[in-house]
Each structure stands twice: as C-alpha cells, then as structure tokens.
Amino acid sequence: MRGPVPRQFLVVRNKPVLVYTLEAFQRAVAVEDIIVVSLPEWTGIVEQYVKDCGLTKVRSVIPGGASGFDSIPCGLHYLEEQYSPEDIILIHDGVRPLLTEEVINANIAGVEKYGNAVTVVPATEALLHTDDGESSSRVVERSHIMRTQTPQSLRLCELSLIHRQADEMGIHDSVATCTLLIETGHVVHAVAGDNSNFKLTSPEDVALFEAYLDAKGMS
Ligand SMILES: C[C@](O)(CO)[C@H](O)COP(=O)(O)O
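These numbers come from a predicted model, not from an experiment.

Engineer: Give a detailed account of the overall build of the chain, specifying residues and quantitative values.
Structural biologist: A tally of helices and strands in the chain yields seven helices and ten strands. Taking 219 residues into account, the globule formula puts the C-alpha radius of gyration at 17 Å, and the chain, at 18 Å, falls close to it. Reported as C-alpha extents along the three principal axes, the dimensions of the chain are approximately 55 × 40 × 35 Å. Within the chain, the proportion of its 219 residues that are buried is 41%. Working note: accessible area of the chain is about 11,900 Å², and carbon and sulfur atoms make up 52% of it. Charge-centre separation for the chain: the mean point of 17 positive side chains lies 6 Å from the mean point of 30 negative side chains.

As structure tokens, then:
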C-alpha cells in the first residue's frame, strides 16, 4: 500500500480492515474459535480491537514471524497444544475482509470430503507466460488456471505434517498453504471462492472495498 500502516490495519469507514475480516469468522455459525497471528508489534492493538468489537470467538493473538510462511508455524504451535489433530483449520488472509459464510462452509465441506480445500476463482483474462516480464511468446490456456484465494483449509494433523515435511525437504519459503501442499507432494482440492473475496493489495483496492461495502449495505 506504500503507506506507514500495514494494509490489514487501514481504517476504512471507521473500522480496521482486519476487524471486517474477523467479523466474517465471528458471524459464521460453523466457526468455533479464531486465532490471530499478527505482526509482533501490533498484537496489543489487535487485542484491543478484539475487546472493543466484541470478537468473542478470538481465543488468542499470537506474534507472527517475518513473513506469512514464517507466521503459520507460530499459530501451528498454539493449535497443536490446544486442539485435537482432527480439528479443521481454515487459514485466511487478514486482508480479505469480504469473505462470506458460504465460502467458509464450502471449505469445511471440502476438507470433510477431500482432506483439504483451497478457495479458487477462475481466470477470466487471457494469460501469457513470460520469462523477462516484458515479452511473451506463449499463451497459457486459461481453463487450466485456478486463481487461489483464502481460506485454505485442512485438518490440524495435515497442517503439522506438511510443515514437518517442509523442514525435512529444506523448504524454507512457500507462497501459501496450497503451494506448500503441492511442494510436499499432496494434491489440493478446489472449492469455489468469489470475486468479492479479493485481497487488498494496492490503494485502488480500498476504493473497490468501499464500493462493495456500499453495494452490500455494510457501511
Ligand atoms: C495466500 C494467498 O492469498 C493466495 O492467493 C496469497 O498467496 C497471499 O499472497 P501475499 O503476497 O502473502 O499477500
């Protein structure tokens, strides 16, 4: 976002982006507990939001690591201590505030049926492969492409397993849980996301988020 405030803490219509995201899980009937893994220097602020906004399902706010990949094990250690191996974990980006209960439920059903679930939307533009970022001579068939979102979900024992396998295989970074599943030899199963579940990445996305809030009557 090119600003001093991390994008999950931007205040949009009087509420931080992260609170919109947490409220989506708070509202979802099937969600029992929420664990927040936060930038370490912001954990106190997150705890204050949790109190002020009545986010009663938040059980813990845990300091994360230097990247998303490093942060998941911080949450994982807590989960392994507090939950049972068969419990279903949905891993979500704090900067996807328009997550719906339908997508949450589809993830849970996907894990129950296939063992894991990755939220995806189809590619709707022409896709070109590039080696140099400037030119291309290869079309990528878009029907073969799934654009991933979050949640990305699996049972706790599977999450522990892929992080153990990553350690053994010397994998020290991966873009997301779905990429780590594939890199550690697993097949991932898609469930339908939706375009409103986009990730706030650039300043224009804030205007888009506000437009969705208006359209959904959420502001
Ligand atoms: C996990 C993710 O949202 C799936 O699309 C995405 O990979 C996150 O990317 P970021 O660069 O960590 O925001």
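Continuing now.
Engineer: How would you explain the side chain of Thr-184 if you had to name every residue and give the values?
Structural biologist: Structurally, Thr-184 is set in the loop between α6 (177–183) and β10 (190–192). Taking relative accessible area as the criterion, Thr-184 reaches 8% and is therefore assigned buried.

Engineer: I'd love a proper account of the site of the ligand, names of residues and values included.
Structural biologist: Around the ligand, a shell composed of Arg-7, Asp-93, Arg-96, Thr-148, Thr-150, Gln-152, Val-175, Ala-176 and Lys-199 is seen. Side-chain polar atom of Asp-93 to an oxygen atom of the ligand: 2.5 Å apart, as the coordinates give it. At a separation of 2.8 Å, an oxygen atom of the ligand approaches a polar backbone atom of Thr-148. Taken by itself the ligand offers 360 Å² of open surface, and the protein chains cover 68% of this. Classifying every residue of the shell around the ligand gives two nonpolar, three polar and four charged.

Engineer: Any details on the packing of aromatic side chains? Residues and values, ideally.
Structural biologist: Summed over the entire model, instances satisfying the criterion amount to four aromatic pairs. Between Phe-9 and Trp-42 the ring centres are 4.1 Å apart and the planes differ by 15 degrees, which places this aromatic pair in the stacked class. Here the residue Phe-9 occupies a position in the segment before β1 (11–12), and Trp-42 occupies one in the loop between β3 (34–38) and α2 (43–52), the gap between them amounting to 33 residues. Considered together, Phe-9 and Trp-42 belong to a single accessibility category, that of buried residues. In this structure an aromatic cluster arises from ring pairing among Phe-9, Trp-42 and Tyr-49. Here the guanidinium or amino end of Lys-15 rests over the ring plane of Tyr-20, the centre of that ring lying 4.6 Å away.

Engineer: Can you break down the pairing of β3 residue by residue, with the values?
Structural biologist: Walk down a regular strand and you will see the side chains alternate between the two sheet faces. Burial along β3 is one-sided: Ile-34, Val-36 and Ser-38 are buried, and none of Ile-35 and Val-37, which face the opposite way, are. Pairing of β3 with strand β4 (residues 58–63), which is carried by five bridges, proceeds in the parallel orientation. Within β4, the position partnered with Val-37 by the bridge is Ile-62. In this fold, β3 hands off to α2, which returns the chain to β4; that crossover is right-handed.

Engineer: How would you summarise the packing of helix α3 (residues 68–82) against helix α5 (residues 156–169) if you had to cite specific residues and measurements?
Structural biologist: Helices that pack against each other are described as a pair by the angle of their axes relative to one another and the distance between those axes. Between α3 and α5, whose axes approach to 11 Å, the crossing angle comes to 135 degrees. Considering the angle they form, α3 stands oblique to α5. For the pair α3 and α5, the crossing hand works out as left-handed. For the pair α3 and α5, contact is made by Phe-69, Ile-72, Pro-73, Leu-76, Leu-79 and Glu-80 and by Leu-156, Leu-159, Ser-160 and His-163, respectively.

Engineer: Outline the pairing of strand β9 (residues 146–155), listing residues and values.
Structural biologist: Note that strand β5 (residues 88–91) and β9 share four bridges and pair antiparallel. Bridge pairing in β9 places Leu-90 opposite Ser-153. Across six bridges, the pairing between strand β6 (residues 116–122) and β9 is antiparallel. Bridge pairing links Val-120 to Thr-148 in β9.

The rules we used
- Residues numbered from 1 in each chain as written.
- Predicted model: local features only at pLDDT ≥ 70, side-chain atom pairs only at ≥ 80, totals over all residues.
- Heavy atoms only, no water.
- Helix = DSSP H or I, 4+ residues; strand = E, 2+ residues; numbered from the N terminus.
- Rg over C-alpha atoms; globule rule 2.2 N^0.38 Å.
- Buried < 20%, exposed > 50% of the residue type's maximum accessible area, 1.4 Å probe, protein only.
- Areas by Shrake-Rupley, 256 points an atom, 1.4 Å probe, with all protein chains shown as cover.
- Lys, Arg positive; Asp, Glu negative; His and termini not counted.
- Charge placed at Lys NZ, Arg CZ, Asp CG, Glu CD.
- Near = heavy atom within 4 Å.
- Polar contact = N/O pair within 3.5 Å; in protein donor to acceptor, adjacent residues only side chain to side chain.
- Nonpolar A, V, L, I, M, F, W, Y, C, P; charged D, E, K, R; others polar.
- Phe/Tyr/Trp six-rings, centres within 6.5 Å; stacked < 30°, edge-to-face > 60°.
- Lys NZ or Arg CZ within 6 Å of the ring centre and 35° of its normal.
- Pairing = 2+ DSSP bridges.
- Right-handed = clockwise from strand over helix to strand, strands pointing away.
- Axes fitted to C-alpha atoms, helices over the stretch in contact; angles between N-to-C directions.
- Parallel < 35°, antiparallel > 145°, perpendicular 65-115°, else oblique.
- Left-handed = near helix turned anticlockwise from the far one by under 90°.
- Contact = heavy atoms within 4.5 Å.

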